[in-house]
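Observations on the model geometry
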Amino acid sequence: MAFEGLSSKLQEAFRKLRGKGQITEADLRSTMREIRLALLDADVNFTVVRDFVKKVQAKAKGENVLEGLNPGQQIIKIVDDELTEMMGGETTTLKKSNKIPTIIMMAGLQGAGKTTTVGKLAKMLKEDDNARPLMIAADVYRPAAIEQLQQIGKQIDVPVFEEGTEVNPVKIVEDGLKVAKENHNDYVFIDTAGRLQIDEKLMNELKEIKEVAKPTDILLVVDAMTGQNAVNMAEGFNEALDITGVVLTKLDGDTRGGAALSIKAVTGKPILFTGQGEKMDNLDVFHPDRMASRILG
Ligand code: GDP
C-alpha cells in the first residue's frame, strides 16, 4: 500500500508527543525533524518538505500551542491541516461545459495509464451522471492502443471513434468531435499518444490537439510508481499545455506516495482522481482531507 512507511513514521512521531503532559520547544523541534525525515523518505519533493515544515512551525508558534491545552493534539491537527493544504485543500471535480459536449483531453507518458483511465472515467460518468460519452482514439503511434480502447469500449458499453493509425491525430480529433456533435454525446474523451519521455514533437502535437478541441479539462495521467519523476513530468506537461489537473495512477502499487503529496505544491495543479488498480472500477475521486487522515492514521 502507498504511504505505509510515511504513515508509520508519522504515527511514531505523534505517539511520542501524545505521551507527554507538557511539550517543550525542544520536543517540538525533534518532532518536526522526524516529520521532515519521514516526508523526505516518502519521496516528497525537497522544497515542498521545507515549506511544509516552516508553515507548521509558524502556525504552532502563532497559536501558542505549547502553552495551550493538549499541545500534542493541537500539533497533530496543524500537521493534518497543512498536509491537506499541501495536497490541494478542497476536492477538485471535472468541469462541465455549458454547451455539450464537455471535452476531456488526456495526456501523459506511454504506460502511465491514459487509455485505462479514459475507460474508468467514461464508466464513472455513465453510471453516476447517466452520461453518453464518446472516446476518441488519437494515439496512432502505439498500434495496440486503438484496439485496447475498443476493447474497453465494448466492456463498458461506450462508443469509440477511430480512424486507424494512418490519419493525423489532429484530424482524427476534428472528425471525432463532429461525430460527437451529430450523436449528441455529452462527454468526449480524447486519448492521446504518449512517449517514453517528453519530446518536442509529442508536445507540439498535443498543443495542436488542444487548439482544435478546446478541451474543458486537460488531465495529465502520471504513474505514482515513478516517484519524483511523476512530479517532473507534471511540471513539463503543465508548462507546455497548461493542464487543468492530474490523475495519479497505480497508487495501489508499492509506491512511497511522495508524488501524490508534491504534485499540487510543485505545479499548482490539483489531483482529481487516483487509479487504484487495473479494473474499470478502480478509480477514486481524490479528497485531500481524507488522504491526509489516512496518512496520519
Ligand atoms: P497508456 O499508455 O498511458 O495509455 O497506459 P495504459 O492505459 O495502457 O496502462 C498501462 C498499464 O498500466 C496497463 O497494464 C494498465 O492496466 C496499467 N494500469 C493503469 N492504471 C493502473 C492503476 O491505477 N493501477 C494499476 N495497478 N495498474 C494500472
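Up top you'll find the structure we're talking about.
No experiment lies behind these values; they were computed from the predicted model shown. (Residues numbered from 1 in each chain as written. Predicted model: local features only at pLDDT ≥ 70, side-chain atom pairs only at ≥ 80, totals over all residues. Heavy atoms only, no water.)

The local shell around the ligand holds 18 residues, among which Gly 111, Lys 114, Thr 115, Thr 116 and Glu 278 are the closest. Between the ligand and Lys 114, the relevant distance is 2.7 Å, taken from an oxygen atom to a main-chain nitrogen or oxygen of the residue. Within the side chain of Gln 148, a nitrogen or oxygen atom sits 2.9 Å from an oxygen atom of the ligand. Expressed as a share of its isolated accessible area of 580 Å², the protein-covered part of the ligand is 81%. When residues of the shell around the ligand are assigned to their parent elements, the largest contribution, four residues, is made by helix α5 (residues 114-129). Looking at the shell around the ligand residue by residue, the classes come out as two nonpolar, 10 polar and six charged. (Near = heavy atom within 4 Å. Polar contact = N/O pair within 3.5 Å; in protein donor to acceptor, adjacent residues only side chain to side chain. Areas by Shrake-Rupley, 256 points an atom, 1.4 Å probe, with all protein chains shown as cover. Helix = DSSP H or I, 4+ residues; strand = E, 2+ residues; numbered from the N terminus. Nonpolar A, V, L, I, M, F, W, Y, C, P; charged D, E, K, R; others polar.)

Look at helix α1 (residues 4-18): 21 Å from first C-alpha to last across 15 residues, which is about the 21 Å you get at 1.5 Å a residue. Considered for burial, the residues of α1 that qualify are Leu 6, Ser 7, Leu 10, Ala 13, Phe 14 and Leu 17. The buried residues of α1 occupy an angular sector of 135° when the element is viewed end-on, so they sit on one face. Away from its buried face by more than 90 degrees, α1 exposes Glu 4 and Arg 15. The elements touched by buried residues of α1 are α2 (25-41), α4 (71-86), α10 (258-267) and α11 (288-296). (Expected span 1.5 Å × (residues − 1). Buried < 20%, exposed > 50% of the residue type's maximum accessible area, 1.4 Å probe, protein only. Arc of directions from axis to C-beta. Contact = heavy atoms within 4.5 Å.)

Okay, the packing of aromatic side chains next. Taken as a whole, this structure holds zero aromatic pairs when the rule is applied. Its end group placed over the ring of Tyr 141, Arg 195 keeps NZ or CZ at 4.8 Å from the ring centre. (Phe/Tyr/Trp six-rings, centres within 6.5 Å; stacked < 30°, edge-to-face > 60°. Lys NZ or Arg CZ within 6 Å of the ring centre and 35° of its normal.)

Time to look at the pattern of salt bridges. Applying the stated criterion across every chain yields a total of 16 salt bridges. The salt bridge involving Asp 217 is made with Lys 95; its shortest N-O contact spans 3.0 Å. Of the two residues, Asp 217 is situated in strand β5 (residues 217-223) and Lys 95 in the loop between α4 and β1 (102-107); the sequence distance between them amounts to 122 residues. Residue classification places Lys 95 among the partly exposed positions, given a relative accessible area of 40%. (Salt bridge = Lys/Arg side-chain N within 4 Å of Asp/Glu carboxyl O.)

Moving on: the pairing of β5. Judged by how many residues are buried, β5 sits mostly within the fold: seven of seven residues are covered. Of the pairings in the sheet, the one linking β1 to β5 comprises four bridges and is parallel in character. Looking at β5, one finds that Ala 107 is bridged to Leu 220. Of the pairings in the sheet, the one linking β5 to strand β6 (residues 245-249) comprises five bridges and is parallel in character. Along β6, the bridge assignment pairs Leu 220 with Val 246. As for the winding sense of the linkage, the β-α-β connection from β5 through helix α9 (residues 228-241) to β6 is right-handed. (Pairing = 2+ DSSP bridges. Right-handed = clockwise from strand over helix to strand, strands pointing away.)

Turning to unusual backbone geometry, a few remarks are in order. Following Ile 100, the chain continues to Pro 101 via a peptide bond in cis, the omega torsion being 0°. On the secondary structure map, Pro 101 appears in the loop between α4 and β1. Phi at Asp 43 takes a positive value of approximately 75°, unusual for a residue other than glycine. For Asp 43, the position within the fold is in the loop between α2 and α3 (46-62). At Asp 157, a position not held by glycine, the phi torsion is positive, near 60°. Within the secondary structure, Asp 157 is located in the loop between α6 (143-156) and β3 (160-161).

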